[in-house]
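Observations on chain architecture
Here's the letter readout for the chains.
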Amino acid sequence: MGAQRQRDARTGSGPAVRSALIRFDHITFAYRADDAGRPPLRDVTLAVEPGRHVAVLGANGCGKSTLVRLVNGMLLPRSGEVTVDGIDTRDETRSLELRQRVGIVFQRPDDQIVATSVEDDVAFGPENLGLPREEIRARVDEALAAVGMAGFEQREPHTLSGGQKQRLAIAGALAMRPAYLVLDEPTSMLDPAGRQEVLGIVRRLHAGGTGILHVTHDLGAVLGADEAFVLDAGEIAFSGVLAHLLEAHERLDGWGLELPPVGRLALALAALGVPIGSPQLDPESMAVALWG
Amino acid sequence: MGLRVDAASFAFDTGGPTALSALEAVSLSLEPGRLVLVVGETGSGKSTLLRVAAGLLKPASGTVTADGEPLGGRGARGAVGLVFQDAESQLFAETVLQDVAFGPANLGLSADTAREQAGLALERVGLDPVAYGGRSPFHLSGGEARRVAIAGVLAMRPRYLLFDEPTAGLDARGRRAVREIVAAERQRGGVVVVSHSAEEFFDDADEVLMLSDGRTVFDGAPRELLAAPDAFEAAGLRAPEVLRVIELGRKHGLVIRPASLGSEAVAEAIEAAGGRS
Amino acid sequence: MPAPVPFGQYVPGDSPVHRLDARVKLALVVAYTVVLFSSRDFAGLCAAALAAFAAVVIAQVPWRLALRGLVPVLWLLLFTLAANTLRWQPVASPVRLGPLGVSETGLVTGLFFAMRIVLLVVGTSVLTLTTSPVALTDALSTLMGPLRHVGVPVDDAAMMFSIALRFVPTTAEEAEKIVVAQSARGAVFDRGGPVTRARAWVPVLVPLFVNLFRRADELAVAMESRCYVGRGRTRLREARMGVGDWAALVVGVTLATAATILFR
């Protein structure tokens, strides 16, 4: 039984896939039974289709980290259903398969690195799947190349910068060949250089077809998102295209969010009557909008 | 008067578990009522400079004085307070009040006085001592924990305050709360803020000190830095995003000179430069 | 200034001893220990000493490092010598120190035991100086592999050990940061009697442990997210025994067996 589960996880196959996506369906969640009055999540519904970059925004404490742990069954919802490519997170018999499909990168770089060398850590996932040695080697090389860390194989984790550690964590997730990548505040503990490194990789992965669920309080980190949700006190307060969120910028403060600097500049320019079309959030788009 | 670091040098140190970056003849001068912003990439020596300025590290050469008194390697015994990066990791006591009172108690004050100063410090960071005093420091939100840690330093009533990345890892609300604390403390004494995101404190700063590889590459008013934004790149830093907009405008032949990094000021400068296509 | 090397810790190198398979090294150390403890007299110890000397030379390990492991056991050595040599008010003695006398046979016995301790320390130092902790853990878990069949959690233990090794430098960094932060708040760690000093470490140990527990939780979540179930794992790297390794093993075990028989 266990061996079959591992084989399914390895190949990503198994009973027919009903719908290929990550789906949260009317999720309610509370950490303790007596929290029923104010659940960390209340009636949350959202979906991540293959190849789409979905952002879930919210201040700390809004429930977004709970969402991440619900995705792969680390936590189970009190009511409602979480499915990944048709597999329900409540289905223990298919949990390995599910976890192979959803790679998760957490907020704190150090708390996800397990091994004493970079290559051993990237190999951790494939080793868990019981893959043959040559396959593991191939995946390790592939994953490290994807995050721009080929050549770092023998380095010890504590000698890496914050950005490098997060890239290592991403490589570790990629080595599982997941269909989706879930990112839980991946850049909040990094310096600007590290943040750029990680966001660059996220953009590349998105362009390469990986479905991405990006959970964060930093609007500036999800400018490439196809779709955005705002989570406020456990409930979805906004869902739609990112551009619409920017137009609703007066509500951001109430949600504990703020516009990135270029966004604030756009507002100031609009106030002065300088027409720039829709609000721009990054320097390059702003320059184009201003001067062509 | 003031907190003065004069041409401090410190050798690169890999002797212990944490490597400390080098410093080469770096000077810092802080007067009451002023805010000095120190920027630089990771490894440029910012944290080392703060430790030297707090009297926790003895520089290999150069001097450190607070109001004329030299600071020994043992710390400034209360004249200079240093709020470390991820300051909340220093919380250890059973209650918030006990933790905040730790510093004053170590200074030799009586338990009552220490608790009193602790209560006042909690108020200064926007936390009601009655509501928070008895809580466990381990059951606070990230932003609250950070503020308790800051209170722990404020309770020692230092004349000069040094902050190492005080807003790192916090969300918008948390960052705003810390910015308010910094602004308030700047009125009481002098404040130095180290930040790898220059945007956050740029406009509040009286002086910006930019470090690269342990050396000072810029030391002057923020306005001067705005006029010469290439300095950021030279120091290995990403220029603030709005400055990049201005830089792109330069490529279109426009000269844009904002008075500050604030959105309104930059917008005005862009409007004034004209040149819309 | 390079970081000081703590006693017995791995110093990378390219000597034949470094390159020898870690399992063979472990087996040889065991064989060496058997020779040491089954020797009846100095002849056996000298044979072992020769082996240790040869190992240190071939491993190109500086003697300073090889002998550094003796520093912590210096007191034990002196005590062993004294306990065996000194006699209370003996009938006859070449030398006297008040009521204490010296026994010649006792001195010889004491030297024997002391020398054995020295050789044991030097031998194991060669092992830890030439073998990375990771290689040692891998070797140990491979050698103890058969114990799986009798219910010993070999894989879990190896994983725990490997994770512990991974976090040693990280935890050391964190501890240092907390010490500096608390020092900045006026905490003093080197004054007062033993009780005061112990209490002084509470503000460092508490946050450190709280953080470690939190980290353990997070790590478990991260590991399970990458499909860790504790069983059915394959390995990226598997040390393969080469001709040299087999040769060293055979020669070493043969010599050790011969020495044991000869000198017991």
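The structure displayed is predicted, hence computed values, not measured ones.

Each value, and the rule that gives it
- Residues numbered from 1 in each chain as written.
- Chains lettered and ligands numbered in written order.
- Predicted model: local features only at pLDDT ≥ 70, side-chain atom pairs only at ≥ 80, totals over all residues.
- Helix = DSSP H or I, 4+ residues; strand = E, 2+ residues; numbered from the N terminus.
- Buried ≥ 20, exposed ≤ 12 C-beta atoms within 10 Å, placed from the backbone.
- Contact = placed C-beta atoms within 7 Å.
- Domains from an automatic or database assignment.
- Nonpolar A, V, L, I, M, F, W, Y, C, P; charged D, E, K, R; others polar.
- Pairing = 2+ DSSP bridges.
- Axes fitted to C-alpha atoms, helices over the stretch in contact; angles between N-to-C directions.
- Left-handed = near helix turned anticlockwise from the far one by under 90°.

**A look at the environment of Leu 144 of chain A**
All names here are of chain A. Mapped onto the secondary structure, Leu 144 falls in helix α5 (residues 133–146). We classify Leu 144 as buried; it has 23 C-beta atoms within 10 Å. Each C-alpha atom, one on Leu 144 and one on Ala 175, is 8.6 Å from the other, the two residues being 31 residues apart in sequence. Excluding anything up to four places from it in sequence, Leu 144 contacts Val 122, Met 149, Ala 150, Phe 152 and Ala 171.

**Thoughts on the domain arrangement of chain A**
Residues and elements named next belong to chain A. Parsing chain A into structural domains produces domain 1 (2–258) and domain 2 (259–292). Taking only C-alpha atoms, the centre of domain 1 and the centre of domain 2 are 31 Å apart. The partner domain 2 presents eight residues to the nine residues of domain 1 that form the contact. Counted by class, the side of domain 1 that touches domain 2 contains five nonpolar, two polar and two charged residues.

**Focus: the sheet that holds strand β2 (residues 96–97) of chain C**
All names here are of chain C. On the basis of which strands lie adjacent, the open sheet formed by three strands has the order β1-β3-β2 and antiparallel pairing. Two strands in the sheet have a free side with no partner beyond their single neighbour: β1 (86–88) and β2. Judged from the three bridges that link them, β1 and strand β3 (residues 100–102) form a sheet pairing that is antiparallel. Each residue of the ladder has a partner; that of Trp 88, found in β3, is Leu 100.

**A word on the packing of helix α4 (residues 118–128) of chain A against helix α6 (residues 162–174) of chain A**
Residues and elements named next belong to chain A. Between α4 and α6, the shortest axis-to-axis distance is 7 Å and the interhelical angle comes to 35 degrees. In this structure, α4 crosses over α6, and the sense of that crossing is right-handed. Within the contact between the two elements, α4 uses Val 118, Asp 121, Val 122, Phe 124 and Gly 125 and α6 uses Leu 168, Ala 171 and Gly 172. Its residues assigned to classes, the contact of α4 with α6 shows five nonpolar, two polar and one charged.

**Points about the sheet that holds strand β8 (residues 190–194) of chain B**
Residue and element names in this part refer to chain B. Pairing is mixed in the open sheet, where six strands are placed in the order β6-β7-β8-β3-β9-β10. Edge positions in the open sheet fall to β6 (80–83) and β10 (215–220), since each of these has one partner strand only. Each neighbouring strand pair of the sheet contributes to a mean axis angle of 15 degrees, computed without reference to strand direction. Relative to β8, strand β7 (residues 160–164) is paired through five bridges, and the arrangement is parallel. Bridging from a neighbouring strand, Tyr 160 pairs with Gly 190 of β8.

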